[in-house]
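Reading the structure
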Amino acid sequence: MAIDAATVRKVARLARIREPEERLEPLAQELNTIISWIEQLEEVDTDGVEPMTSVVAVALPLRDDVVTEGGDTSRILSNAPKSADGFFIVPKVVE
Amino acid sequence: MSDLTKLTLKAALAGLKARDFSSVDITKAHIEAIEQARGLNAYVLETPDQALAMAAESDARLARGEGGALEGAPLGIKDLFCTDGVRSTAASKILGNFVPAYESTVTSQLWRDGAVMLGKLNLDEFAMGSSNETSAFGPVINPWRRDGSDAALTPGGSSGGSAAATAADLCLAATATDTGGSIRQPAAFTGTVGIKPTYGRCSRWGIIAFASSLDQAGPIAKTVEDAAIMLRSMSGHDVKDSTSLPVEVPDFASYVGRSVKGLRIGVPKEYRVPGMPAEIEKLWADGIAWLKDAGCEIVEVSLPHTKYALPAYYIVAPAEASSNLARYDGMRYGLRAGGPSLTDVYEESRAQGFGEEVKRRILIGTYVLSAGYYDAYYLKAQKVRRRIADDFDQAWQTCDALLTPTAPSAAFALGEQSDDPIAMYLNDIFTVTTNLAGLPGLSLPAGRDAQGLPLGLQLIGRALDEGTLFSLAGALERAAGFTAKADRWW
C-alpha cells in the first residue's frame, strides 16, 4: 500500500500538523520506506491469536467516585498561553 | 572534595550516614562538576539552589540520626519526569517553559527517601530516539571517545543525559525511562548499569507519556548494587496509575551477591544477527563463560518472532504516541502559534513545536490507526506482540533468565545514523522485545571494543523477577571486572 502526497496531506490534517506542500512528497517517501519495512509482519501467522492490549493481566481497578482533589484553578492556569477570569482563552470555535 | 563525585551511590550513602562528609559537601562537589561539564550538554536545567536547600535539610535529618534510604544523595532527573515548580520539557519546544504544578510519583518517592535533585537531564524529544539527536536542546555528548580520536560520540538515547551524567560523575545516579531500549542502550554506550523493570513496577504518573503500554521508568547507575538501591525507591504501587502493580517491593540490593549456582541461562539463537561486530560476539561468549563458571547451566533457546519485534513496535509505539501527543494543542500550556482559526492554531502550534522525528512518528501512528488501515496494521501488530510474549513464556519452560548483548554496536558518532530512520531504529533490536512483553531487562558494562568503547550485556528475566537479574548481574559484574572510566576531556 503505497503512500502518496495526497495521503500524507490527509494524515497530517488528521494529526493537526501543518506540513508545507513541498514536504508532502519527501514525507511520502520516508513513510513508505518505514511502512514497507513494517509490512514484513504479514509473514507472521496470527490466525486465532488474541490481540495483546496490555502486558498487565489484571482487571482495571476501580475506586470510589469521590472528589479527592480540586480547587486548583490558579495552578492549572499557571501555564496557559492565555487566560482570564479563571478560564482558558482559546480562538473562537463557532462563528 | 571533588573526589566525592567518584563515589558509588552505596559508598556515598554509607559516608553520609557515618557523617564522614555532609550532603551539602557532596552536593557542592557535584554542582561544581556539572558546571565544568557543560560541554557534554547532559543537563538541560541545573537546580543548584534547590539542591543545596534539599541537601541542608538532609544534613539536619542525618544529624538527628534520621533519614531515608537515599538520604542526602544527589541525583539527576530525566526531563521526562514532571517536577513540581521546576521546568519540565521532554526536550521539546512544544512544552516550552512548562512548569508542572505536581510531582511525578517516582520522583516524589526519591524525595520521600531523602534524595537531592541536581537538575533535569537531556533526552531525545519525547524520548523518541536512540542517539539524543532529536532533543530540542541539541545532543548530549558521550564522555567516552574512541582511543586517539576526539570525534563526538552519541551517549545513546533516549536517556542519553542520564547515562552521560552518571558516566561522567555528574550525579550519583539518575532516573531514566525505557519504551524500546531507552535505558539499556544508553547504559551500554556509556559503561553504566541500567534496568528497565517489569511493566507496572514503577508508576507512570507524572512521566510525560510516549507509548503508555510500553513506557517504564528505571534507574541508570554506576554499579549493579546502586541500580538496585535506586529501583527500590522508584518502585511501588500507585493508585494514580491504573497499570501500576499492587505488589510488594523487594529489597533488590539484597539479591546482589547471592549465588547464581544452578540457575538456567537461556541464550536465544535469534539474537545472533548478521553483521554483528566480532567484539560483541566475543563479549557474549565471555558472558556465557562467566555465568557457567559461576555455576549456571547454559541452554540454547529459541525466540522465533524476534525479528518481528521492531516492526511491531513501530506500529504500536507511534499509534500510542499519536494519541498521547494529541494533548499538545496550544490551548492549556506550551507553545501557541498561528491563527486566527482554532484549526490554524492547532496545526501551526504542532508544526512549530514538534521536531521532525516526533512528527514522523505521529504521522505513522495516525496513518496506522486511520480508517481502513487499523486491522491491517494496528490489530496485526497487537497479535504479533502476543506471539512475541508467547515466545518468552515458552523460553521460561527451560530457563530462568536470558543473556544477550544489549546493543548491536558500540556508541557511534553523532550524525552517523541520523539520515536513516530504520538504521536508527535497529539500535533497539535486542531491547525492544522486553518492552513488548513487559519483562524486566538489565544492561551492565562487561567489556570494551578495540577502540576502547564500553559494551553492554543484557539480562532478561521473568515478570517481577528483577531479583534474579540483580543476582546474575552481580555475578557478571564481578567476573567482568569492568572499572574503566572515560578519560576526562571536558
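Computed from a predicted structure; not experimentally measured.

1. Focus: the overall build of chain A
Tallying secondary structure elements over chain A gives 3 helices and 2 strands in all. Along the chain direction, N to C, the helices and strands of chain A fall in the order α-α-α-β-β. Against the compact-globule benchmark of 12 Å for 95 residues, chain A has a radius of gyration of 23 Å, which places it well outside the compact range. Dimensions along the principal axes, computed over C-alpha positions, put chain A at roughly 55 × 45 × 25 Å.

2. Remarks on the overall build of chain B
For chain B, the count of helices and strands is 15 helices and 11 strands. What you see for chain B is a C-alpha radius of gyration of 21 Å, in line with the 23 Å of a compact globule of 490 residues. Taken along its principal axes, the extent of the C-alpha atoms in chain B is 65 × 55 × 50 Å. Each of the 490 residues in chain B was classed as buried or not, and the buried ones make up 61%. In chain B, the proportion of contacts linking residues at least 24 apart, taken out of those at least 6 apart, comes to 77%.

3. Observations concerning the interface of chain A and chain B
Contact with chain A, which involves 40 residues of that partner, is made by 55 residues of chain B. Broken down by secondary-structure element, the contributors of at least two residues to the side of chain A that touches chain B are helix 1 (5–14), helix 2 (21–38) and helix 3 (73–77) of chain A. Residue contributions to the side of chain A that touches chain B peak at 7 residues, all from helix 2 of chain A. Here the residues of the side of chain A that touches chain B are counted per class, giving 26 nonpolar, 7 polar and 7 charged.

4. Details of the packing of helix 8 (residues 278–293) of chain B against helix 15 (residues 466–480) of chain B
Residues and elements named next belong to chain B. Axis separation between helix 8 and helix 15 bottoms out at 10 Å; the angle between their running directions is 110°. Between helix 8 and helix 15, the crossing angle belongs to the class labelled roughly perpendicular. When helix 8 is examined against helix 15, the residues Gly287, Trp290, Leu291 and Asp293 are found in contact with a partner set consisting of Leu472, Ala475, Leu476, Ala479 and Ala480.

5. Quick notes on helix 1 of chain A
Among the residues of helix 1 of chain A, Val8, Val11 and Ala12 of chain A are the ones counted as buried. Viewed end-on, helix 1 of chain A has its buried residues packed into an arc of 100°, placing them on one side of the element. Where helix 1 of chain A is buried, its residues contact helix 2 of chain A together with helix 11 (356–369) of chain B. A positive backbone phi angle near 55° is found at Arg16 of chain A, which sits one or two residues after helix 1 of chain A.

6. So, the nonpolar core
All names here are of chain B. In terms of nonpolar packing, the biggest core is built from 168 residues, with Ala42, Leu75, Ala228, Ala312 and Ile315 touching the most fellow members. A total of 10 residues in this core trace back to one element, the largest contributor, which is helix 9 (residues 309–324). Setting aside residues no more than four positions away along its own chain, Ala228 makes contact with Phe252, Ala253, Tyr255, Val256 and Phe470.

7. Things to note about unusual backbone geometry
With omega at 5°, the peptide bond leading from Gly157 of chain B into Ser158 of chain B counts as cis. With respect to the helices and strands, Ser158 of chain B occurs in the loop between strand 3 (116–121) and helix 5 (160–167). Backbone geometry at Asp85 of chain A places phi at a positive 50°, although glycine is not the residue there. For Asp169 of chain B, which is not glycine, the phi dihedral falls at a positive 60°. Mapped onto the secondary structure, Asp169 of chain B falls in the loop between helix 5 and strand 4 (173–178).

8. Side note on the pairing of strand 2 (residues 74–78) of chain B
Residues and elements named next belong to chain B. Most of strand 2 sits out of view: 5 of its 5 residues are buried. Across the two faces of strand 2 the burial is the same, with Pro74, Gly76 and Lys78 and Leu75 and Ile77 all buried. Summarising the sheet, strand 2 and strand 3 pair through 5 bridges and their orientation is parallel. Across the sheet, residue Leu75 finds its bridge partner in strand 3, namely Met117. Regarding the hand of the β-α-β motif, the stretch spanning strand 2, helix 4 (residues 105–112) and strand 3 is right-handed.

9. Section: helix 10 (residues 342–353) of chain B
Residue pairs spaced three or four apart in an α-helix point in one direction, given the helix's 3.6 residues per turn. In this model, helix 10 of chain B (12 residues) spans 16 Å end to end at C-alpha, consistent with the 16 Å of a helix rising 1.5 Å per residue. All of the buried residues in helix 10 of chain B are Val345, Tyr346, Glu347, Ser349, Arg350 and Gly353 of chain B.

10. Observations regarding the confidence of the model for chain B
The predicted model of chain B has a mean per-residue pLDDT of 96, with 100% of residues at 70 or higher. Interface predicted TM-score (ipTM) for the complex: 0.95; the corresponding pTM is 0.97.

11. Quick notes on the environment of Ala437 of chain B
Along the polypeptide, Ala437 of chain B turns up in helix 14 (residues 432–437). A tally of 24 C-beta atoms within 10 Å means that Ala437 of chain B is categorised as buried. Taking C-alpha positions, Ala437 of chain B is 25 Å from Leu291 of chain B, a pair spaced 146 residues apart along the chain. In contact with Ala437 of chain B, not counting residues within four places along its chain, are Val55 of chain A together with Ile388, Ala389 and Phe392 of chain B.

Procedures and definitions
- Residues numbered from 1 in each chain as written.
- Chains lettered and ligands numbered in written order.
- Predicted model: local features only at pLDDT ≥ 70, side-chain atom pairs only at ≥ 80, totals over all residues.
- Helix = DSSP H or I, 4+ residues; strand = E, 2+ residues; numbered from the N terminus.
- Rg over C-alpha atoms; globule rule 2.2 N^0.38 Å.
- Buried ≥ 20, exposed ≤ 12 C-beta atoms within 10 Å, placed from the backbone.
- Contact = placed C-beta atoms within 7 Å.
- Nonpolar A, V, L, I, M, F, W, Y, C, P; charged D, E, K, R; others polar.
- Axes fitted to C-alpha atoms, helices over the stretch in contact; angles between N-to-C directions.
- Parallel < 35°, antiparallel > 145°, perpendicular 65-115°, else oblique.
- Arc of directions from axis to C-beta.
- Core = buried A, V, L, I, M, F, W, Y, C linked by C-beta atoms within 7 Å.
- Pairing = 2+ DSSP bridges.
- Right-handed = clockwise from strand over helix to strand, strands pointing away.
- Expected span 1.5 Å × (residues − 1).
- pLDDT = per-residue confidence, 0-100.

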